[in-house]
Structure formats: structure tokens, C-alpha cells
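Take a look at the letters that make up each chain.
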Amino acid sequence: MSSCDINECEGKYDNIVVFMCNECGQGSANTAGVGRMPYDPSVRIVRVQCTGQIGPIQIMDALNNGADAVSCVGCCIGACHFFNGNLLSMRRIKLMKKMFKELGYSDQFINQYTSRAAEGETAVGDFEDIVERLCTAITEGGTFENEC
Amino acid sequence: MNVKVFQFNGCNKCFHETILLKQNDMEVELISNPKDWKGEKIDVAVVSGYLLPEDKEILLNIQSNANKLIAYGDCTTTGGIFGLANQKGANITPISKIIPESFKINGCLAEIEELTATIKGGEVDKPPSLCKVCKRRSTCEYLDEVHRQIDIFENEEACFNDLGFLCNGYIATECKERCVDYGTQCRGCKPIIDRSGVRMLGMFGTLMGNVEVATEASKYGATDKLADKDDDMTESLPDIVGNFFRFSLPTSGLPKGRIHSKGSILENVFKGRLIEEFPLMTGLLGGDNSISMTLSIIEAYEKGAEIEVNEQTKQYRQKLRSLEKELKNAIDAQDAEKYKDVTEKIRKIAGNMNLSNVFYGGFKTPIDGADNFDDYKAEPFEIKEGTYKNGIVEFSIDSKGVIKEIKIKEGA
């Protein structure tokens, strides 16, 4: 857990866009739903075929249209249902994180995760981590809006 | 036809290039201080130089008097190389935010042929993409590593990007300057699509498919996530903003940078850039002084880092310096013929007006008519940390070759 208290940031974000791949990502979110596991209501899931479809253009579109944080959730490393879409997306997001740092922003509001379709808690755990990181970014004053 | 060219802020290379319009049947007047312009009816107004929000009124005045308004050069259309100062909180505005309906001619240096055709009002042919005319061929295979400098003669067929040498050609159109022909990667000054920088970032991120990226275990469940620590990805590209958004930061859709810096606009542009990019950038934005500025930076580093330079190189540099003086005389005299003659001579040695061929230790590609290329060939050099000083510039670089501090004396 970061130095930031999650309660401190409550109400300061309301849109977290999560691109989930159609296979493991969306599968784990479904499993979490079946298991009735609660997660943050700000999380908006966008279903995509593969996280390999998501690049800087989609992420910038989301951020410029009001998303507070953007994340990708894909299959586990080596388990992409296509070829290596999750790994390519990771590399693009890594470059974007560096770019935001160079521009003087926090790099905590974008990230990539992996999950397992059979385990709903992996998806919920990822969502919790996204919120935690976003809170760090807000307290540091590193988000676009700089609300904190 | 009555044409007036207005120069706003920054480098005046594009502004002076419009002297060549005089070769056509046009009544051309170059106005270097648009603030003092009284206003009268004109057929075509050409605007060059970068714009700031406070220039809005003058621009609207020009627009109301002109039948046609053309933005000439990257600085006006996309913010250009000066737009990089927005990373440190400057407010350089592309013309589309002030006058969206203006004609736009991209390029650094923007092409005079395109401007002539736009002024005359004929159909302007859309040039093909650079990759179509480039003599190197891309396979788009994943890279194992990224190189910041390569020996371009080792492999003359493979695409720079395939060699791990980041080239923005994928998103660019063909142009007159053709940096790729002079051992320099395409700078991306004539984008073929919108938001070119963001797209190129995605493309190159994909190409880096075999470069190590750091992951760590998620806290919940035994899955992985992207780690925050530095890895080969971030180490191999120390300056992402400068490499991908060199000309398009204000129009890229990225938020304005929040690093606060008190330096002058030039210092803000250069801070954070890479040492091997430095002379190429001064070649782009130096205006009248681009040659002397570039050479003094190169000589500063050569002296400090003990890079050997031989007689032949020195002779060519001396020639370039004298050509710069001739060019200034031609500009002062507003002599289109002489201007064309001198720029052709500069192109012969330096490759293009952006001085792509000029580098540390020599020249990147053979100069026409020279005897032995091995004499003056520039080799990839090792980066040496330290502070370098020569004439009006003083800069220090860190171990990765990133410019940390820079001072440029006023009046340069």
C-alpha cells in the first residue's frame, strides 16, 4: 500500500477505464461477477478482442475524454490467445509511462495487468491496484486534472 | 499577385526561403515585424514562425485583410521544434487553434514549390509516403535492441527501424530535405496523418517486441503486472518526447508539460534532449545562424570529448561558415538568384538546409567531388559525461547523453 490513504481520494475520481481482453481478462471479470466479488464502482470495463489492440491512441482518447486512469488487463504472460498481444501492449504502455514522466506527470494512472479467467480475485485484485495507484497519482498531484 | 510574408517568433529559415517566390511573377514583401504592419488589402498572406496566444490579434488582422492565409512551415502549423518548449510549460500555439481554416504547409524547412502552388491556387499533388521512395526496405521484425547511433554503411538495404535506429519515416511524406539520404533518421516534420507522434510511439513500441520489459508479481492471485522500475525499454529511449514529438507536441493531444523552467525558450527546447540530436536540432531551428551554431556545438563537444577531426573536415566546415555569410548577404540584398545559388552550395556539403550530413568528427555521407570519404567520415562516438563550452553555448550532459543544463548567451 502506498503512502496515500484511499479514503482521502474518495470522490476525486469517477472514471477508470479498463480495457479487458475477450479471453482471460473478460473471463476473470465474469468469474468475479458470478462469485459476487465487490469492486470499485468507478471501474468501466471496455471489452476488446486482445490488449494488443490497445495502443497510445486509444489510451490518449480515453484520458482526453475524462478518464482518470486507464489500464489494460490481458492474459497471463505466454498465454495470449492470439500470439503475443499482451506483451506488445505492455511495451507500448511502458513507453507511455516514461513519456508522462518526461512531461512532469505521474506514471501511476496507466498500467497493464494480467489475470486468469478461472480466478475472479485476480481481476478484482487488479482493480484494487488500479485504484490504489490512481490515489497515489492524485496525492502526488500528477494527474491531468490535478484535483488533490 | 500581391503576396506578403509575415514572420512571427523564432527561427526565420522558412521566412527567408520565401525570397524564392520572387522568381515567379509575384509582388512579394517580407515583413519581419508584423506588429508594426498597418494593414492593407492583400491577395495572399503567408505566415511563418511559431505563434503565441498574444499573437492572435495581429493574426486576425492579417486574416481580415487577406483573401488567402497560408501557414508556412512546421512552427506555424504544428508548433514545430519550438513546440518542445511546451514540455516545460511554454504556450506555443498551432495556427489551427487561432485560424482553423488557414492553408497549411508542413515541413522544416517547408517546400517552396508547395507554397508557390498553393498561392497560385492549383491542385497540389499529395506526395507519396517516405517509405515508398526510401531506398531502404522495412520488414517490421521485432527488435532485440535499440541503437542510438549506427554505422549506416554496414547495412545499406535494411530500414533504419529494423536496425533499431528510430526513424519517423513511417508517418512522414516524401520531402525535399530527405534526411534519410544523409545518414540521419527521418525527423517526421511532414506527417502524413494526424497525431503522428502518438501513432509512431505505438508503432515503435510494437517493434520493440523482443526488448526486455520489466514485470512483477501482482499482489493478489499469482499473476503479473507491468513493473515501475527501469528496464531495457526505458534505458534505450532516454528522450521519448524529443524523439516522437519533435515537431508536433502542441498538436499531439498530449497534455502540456508541467516541468517548470525559467530558462529562455531555446534552453527549454534543448534541455532533456540527446547529445547526438543536438547538432541536428540547431540545424533545424538556428535560422540565419544555424550553421555557426551547429558547428560551435559540435566543436565544443569534440574538444571536450577528444574526438579527432582531420584537415578535410575542417576545410569543409570553413567553407560552410563562409557560405553562411554569403547567404546572409543574399538575404540582406533580397536577391533570389543568389539565395538559390548559395543554398545549393550548402546542400552539396551539408546534405540539406537542416545540416543532416554534419556530425561530430566529420560528415555522415560522401560529399560530391571529394576525394576520399574515409578521411572525413563521422564514426559513432562514445558518450562522455561532462560540461562543454564554446563561444555562446555552455552545456552539460549526463552519462546517458541527456542534456541536463544549457546556457545560451542572449543575442545569439
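As the structure is a computational prediction, the values presented were derived from the model and not from experiment.

Engineer: Which residues make up the interface of chain B and chain A, and what values do they have?
Structural biologist: At the interface, 33 residues of chain B touch 35 residues of chain A. Listed by contribution, the elements that provide at least two residues to the side of chain B that touches chain A are helix H6 (196-207), strand E7 (224-226), helix H7 (232-236) and helix H8 (240-244) of chain B. Considering every element that reaches the side of chain B that touches chain A, the biggest residue donor is H6 of chain B, with six residues. A breakdown of the residues in the side of chain B that touches chain A according to their chemical character gives 14 nonpolar, 13 polar and six charged.

Engineer: Which residues make up the domain arrangement of chain B, and what values do they have?
Structural biologist: Accessible area lost during the coming together of the parts is what is often quoted as the interface size. Residue and element names in this part refer to chain B. Looking at chain B, the domain boundaries give domain 1 (2-120), domain 2 (126-237) and domain 3 (275-412). Taking only C-alpha atoms, the centre of domain 2 and the centre of domain 3 are 26 Å apart. The residue inventory of the side of domain 2 that touches domain 3, partitioned by class, reads four nonpolar, three polar and four charged.

Engineer: Could you give an account of the packing of helix H10 (residues 278-285) of chain B against helix H11 (residues 290-305) of chain B, naming the residues involved and the relevant values?
Structural biologist: Residue and element names in this part refer to chain B. The N-to-C vectors of H10 and H11 enclose an angle of 165°; their axes lie 8 Å apart at closest approach. It follows that H10 is roughly antiparallel to H11 by the angle criterion. Handedness of the H10/H11 crossing: right-handed. Between H10, through Phe278, Pro279, Thr282 and Gly283, and H11, the contact on the second element is made entirely by Ser290, Met293, Thr294, Ile297 and Ile298. Of the residues contributing to the contact of H10 with H11, the split by class is five nonpolar, four polar and no charged.

Engineer: If you had to explain the confidence of the model for chain B to someone new, which residues and values would you point to?
Structural biologist: Chain-level pLDDT for chain B is 92 on average; 99% of the residues reach the 70-or-more range. Interface scoring of the predicted complex returns ipTM 0.93; its pTM is 0.93.

Parameters and conventions
- Residues numbered from 1 in each chain as written.
- Chains lettered and ligands numbered in written order.
- Predicted model: local features only at pLDDT ≥ 70, side-chain atom pairs only at ≥ 80, totals over all residues.
- Contact = placed C-beta atoms within 7 Å.
- Helix = DSSP H or I, 4+ residues; strand = E, 2+ residues; numbered from the N terminus.
- Nonpolar A, V, L, I, M, F, W, Y, C, P; charged D, E, K, R; others polar.
- Domains from an automatic or database assignment.
- Axes fitted to C-alpha atoms, helices over the stretch in contact; angles between N-to-C directions.
- Parallel < 35°, antiparallel > 145°, perpendicular 65-115°, else oblique.
- Left-handed = near helix turned anticlockwise from the far one by under 90°.
- pLDDT = per-residue confidence, 0-100.

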